[in-house]
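What follows is the residue order along each chain.
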Amino acid sequence: MSTSTPQAPIPATPGKLVDRLDARAGRTRSTLSTKLASGFALLIAVVWTIPTFGLLITSFRPDGEIKTSGWWTWFTSPSITLENYAEVLTGSRFQLSTFFVNSFVITIPSVVIPITLALLAAYAFAWIDFKGRNILFVAVFALQVVPIQVTLIPLLTQYVKWGLNQTFWTVWLSHSIFALPLAIFLLHNFMKDIPRELVEAARVDGAGHVKIFFRVLLPLLVPAIASFAIFQFLWVWNDLLVALTFAGGQQNVAPLTVRLADLAGTRGQDWYLLAAGAFVSMVVPVIVFLALQRYFVRGLLAGSVKG
Amino acid sequence: MDLLYADTTGGKFLLMFIAIAIFVLVMGAILVIVERIPRAPRWVVVAAFTGPALLGISFGLIYPAIITTRSSFYDARGQNFIGIDNYVTAFTRPEFQQVLLNTVAWTVIVPLASTAIGLIYAVLVDRARFEKLAKTLLFMPMAISLVGASIIWKFVYEYRPVLEGVAPDRQPAQIGLLNQILVWMGLEPVQFLLNGPWNNIFLMVVMIWIQAGFAMTILSAAIKAISTETIEAARLDGVNGIQQFWYVTVPSVRPALVVVLTTIAMGTLKVFDIVRTMTGGNYGTQVVANEFYTQSFRQQNQGMGAALAVLLFAFVVPLIIYNVRQMKKSEEVR
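The numbering scheme is per chain: residues are counted from 1 as the chain's sequence reads. Each chain takes a letter, starting from A, and each ligand takes a number, starting from 1, following the order in which they are written. A pLDDT threshold of at least 70 governs which residues receive local features in this predicted model, and a stricter bar of 80 or more applies before side-chain atom pairs are shown or counted, although totals over entire chains, interfaces and linings include all residues. Side-chain measures were taken over the full set of non-hydrogen atoms in the model, leaving aside hydrogen atoms and water.

Trainee: How should I be thinking about the overall build of chain B in this particular structure?
Mentor: Secondary structure elements are defined from DSSP: runs of H or I of at least 4 residues count as helices, runs of E of at least 2 residues count as strands, and each element is numbered from the N terminus. From N to C terminus, chain B includes 14 helices and zero strands. Reading chain B from its N terminus to its C terminus gives the helix and strand order α-α-α-α-α-α-α-α-α-α-α-α-α-α. Note that the radius of gyration is over C-alpha atoms, with the globule rule given as 2.2 Å times the number of residues to the power 0.38. Taking 20 Å as the expected radius of gyration for a compact globule of 334 residues, we find that chain B reaches 26 Å, considerably beyond that expectation. Expressed as lengths along the three principal axes of its C-alpha atoms, the size of chain B is roughly 80 × 65 × 50 Å. With a 1.4 Å probe rolled over the protein chains alone, any residue whose accessible area is under 20% of its type maximum counts as buried; one over 50% counts as exposed, and the rest are partly exposed. The burial tally for chain B puts 49% of its 334 residues in the buried class. Across chain B, the fraction of contacts at a sequence separation of at least 24, relative to all contacts at a separation of at least 6, is 63%. Residue-level accessible areas treat just the shown protein chains as cover; the underlying method is Shrake-Rupley with a 1.4 Å probe. When the accessible area of chain B is evaluated, it comes to approximately 16,800 Å², of which 64% is carbon and sulfur surface. Across chain B, the centroid of the 24 positively charged side chains sits 7 Å from that of the 19 negatively charged ones. By the convention used here, residues are in contact when the closest approach between their heavy atoms is within 4.5 Å. By the counting rule applied here, Lys and Arg register as positive and Asp and Glu as negative, while His and the ends of each chain are not counted. Every charge is mapped to an atom, namely NZ of Lys, CZ of Arg, CG of Asp or CD of Glu.

In structure tokens:
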């Protein structure tokens, strides 16, 4: 009996064995391909990270070493200095700290103002019935595609006429206006998602539009507002074109990006400056981005998939 | 205290608060007045809510766009009507043709490359163990300014000249990673940003590096929305990973692919920061968006600048039409 046992199952269930072999082959194939896939994903991740990482290390290396050896040699002969940062931030020739302040002063109103205006407009488009509403909304939506290049010279001419050129006011105003079409569209999408009953119930209670807007809708829209706020924050902080046009090189108005672009042009070989300067300009958006990534992704999805 | 200028940190922040306060007061006043009017006619309410935004849009987008279109038919100083001469120049002069050609290359290559990378990466890390971290890594460049990104990549491309008649081991060290890799492989270092036409590709890499994260985010959401039944059915049919990618994943996320491609194309069209920071538009790398800036603000050629801005706008239109058509199509399918 014992001798026949190993042979007996084979003719009885040939299909099963083949199945099992097949399954095992499939499994090896899939582990192999998973490994290949993970390897490939890892490769992309590394390629995407290394350039930033290299410049980060460079920003902490002494000038003399940056010039004579690659940043990868830092791992075998590490030396760290904060000299580069001290010099770009406070050195009288660069004063990035001044431009850092300018970036903040430019960005905050340029986020607050368009969001407020867009919220009000989006409310009207979503919850007030009026003639021509749809046409007007489509028109605003379509204006998203106007490249801001088209607007710069006439706006600049107007600002010069008013004597406002190269002040914070023109930068705030321009950023606020340029943000409106996208902001209205996005916030309108979010606002439409709020259940009609909530608004109707408030109306029955005799609340006017202003009250409904502040008491009913605004609290529910906080995540949507956060989504657009981070979007606009990154956009304004990282903008070069608007700032270059309306603030010019003005040390008292121009943001970090303008100064950094200027340094890249005039001191293109001074990597200790450029590296530290780049990270001074990057630290705020990266922190904001990492802290609020969830909202940012939401905003992206609402903006492009629905649109 | 001057309400126009501030030159100290405290002064600037004060100015900022004053600006916000003025804004809040004006908007608050408008809303309070509307709320106080008993039985306010609807148009008053609508005007209060949409008026400020529409006024801003009219002043800052519509009116300037009309003026710019008009001045694109005028000469450099905006005084004499010259018909379509600026456009003729843009399409016939060799140096402008090069600019147009580069721009077309950017708007084709950047969206395709970043979408491909974003899609592959989204598939690879989908439901992987470190999905969130992996996504953040690809996503991170989106937080960085184009100027910052350009500096990061300029350093990767950094070139140290090879000295003639000097032994290989005594050559000056390459400090750019890419050239060092070439040297390690026994090759000569290359001036990545100087030698055309390839330098255009090396500039595009920066934009691809930034946009791949955007593509990945949108496509990853689309991939997660594919129903499990579809995937199971494909598995039962015995398709392997690559077949599943081509026959299940790609068709399912097609609408998202179109949106991503066109969105990136539109963004790429308008980018000037990268070219400006890395090559200044020299060595045959100029694009329309940067040439616009050069013509308008450096050459003081208002007419030409305006014509280039209008061209940028004109290039966007077919992209939009395509986008809307695809959207309608996918809605019909549903």
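The rest of the description comes next.
Trainee: What's the story with the interface of chain A and chain B in this structure? I'm lost.
Mentor: Quoted interface sizes are often the accessible area lost when the parts come together. Contact with chain A, which involves 107 residues of that partner, is made by 93 residues of chain B. Criterion for a salt bridge: a side-chain nitrogen of Lys or Arg within 4 Å of a carboxyl oxygen of Asp or Glu. For the pair chain A and chain B, the number of links is zero salt bridges. Distance and chemistry together define a polar contact, namely a pair of N or O atoms within 3.5 Å, with one atom able to donate a hydrogen and the other to accept it when in protein, and with adjacent residues in sequence counting only for side-chain atoms on both sides. Between the two partners, chain A and chain B, sit 11 residue pairs in polar contact (both at pLDDT 80 or more). With 15 residues, helix H5 (residues 96-127) of chain A is the largest single contributor of residues to the side of chain A that touches chain B. Any residue outside Ala, Val, Leu, Ile, Met, Phe, Trp, Tyr, Cys, Pro, Asp, Glu, Lys and Arg is labelled polar, Gly included; the first ten of those are nonpolar and the last four are charged. Here the residues of the side of chain A that touches chain B are counted per class, giving 74 nonpolar, 30 polar and three charged.

Trainee: It is not clear to me how a nonpolar patch on the surface should be interpreted in this structure. Could you clarify?
Mentor: Residues and elements named next belong to chain B. Residues form patches when they are more than 30% accessible in relative terms and have no salt bridge. Like charges link within 9 Å. Nonpolar side chains (Val, Leu, Ile, Met, Phe, Trp, Tyr) link within 5 Å. On the surface, Val104, Val108, Ile109, Leu112, Trp198 and Ile201 cluster together to form a nonpolar patch covering roughly 550 Å² of accessible area. Among the elements of the structure, helix H4 (94-125) and helix H8 (198-224) are those that each provide at least two residues to the nonpolar patch. On the secondary structure map, valine 108 appears in helix H4. Using a relative accessible area of 44% as the deciding quantity, one classes valine 108 as partly exposed.

Trainee: Please explain the pattern of salt bridges as it appears in this structure.
Mentor: Pairs can form between side chains of opposite charge once their charged atoms are near each other. Applying the stated criterion to the full structure yields 11 salt bridges over all chains. Of the charged contacts in the structure, one is a salt bridge between Asp270(A) and Arg267(A), with a shortest N-O distance of 2.8 Å. Relative accessible area serves as the criterion here: at 17%, Asp270(A) is assigned to the buried category. A salt bridge links Lys224(B) to Asp126(B), with the nearest nitrogen and oxygen atoms 2.5 Å apart. Here Asp126(B) lies in the loop between H4 and helix H5 (131-139) and Lys224(B) lies in helix H8, a separation of 98 residues in the sequence. A relative accessible area of 39% means that Lys224(B) is categorised as partly exposed. Through salt bridges with shared partners, a single network forms among Asp126(B), Glu131(B), Lys135(B) and Lys224(B).

This is a description of form; function is not addressed.
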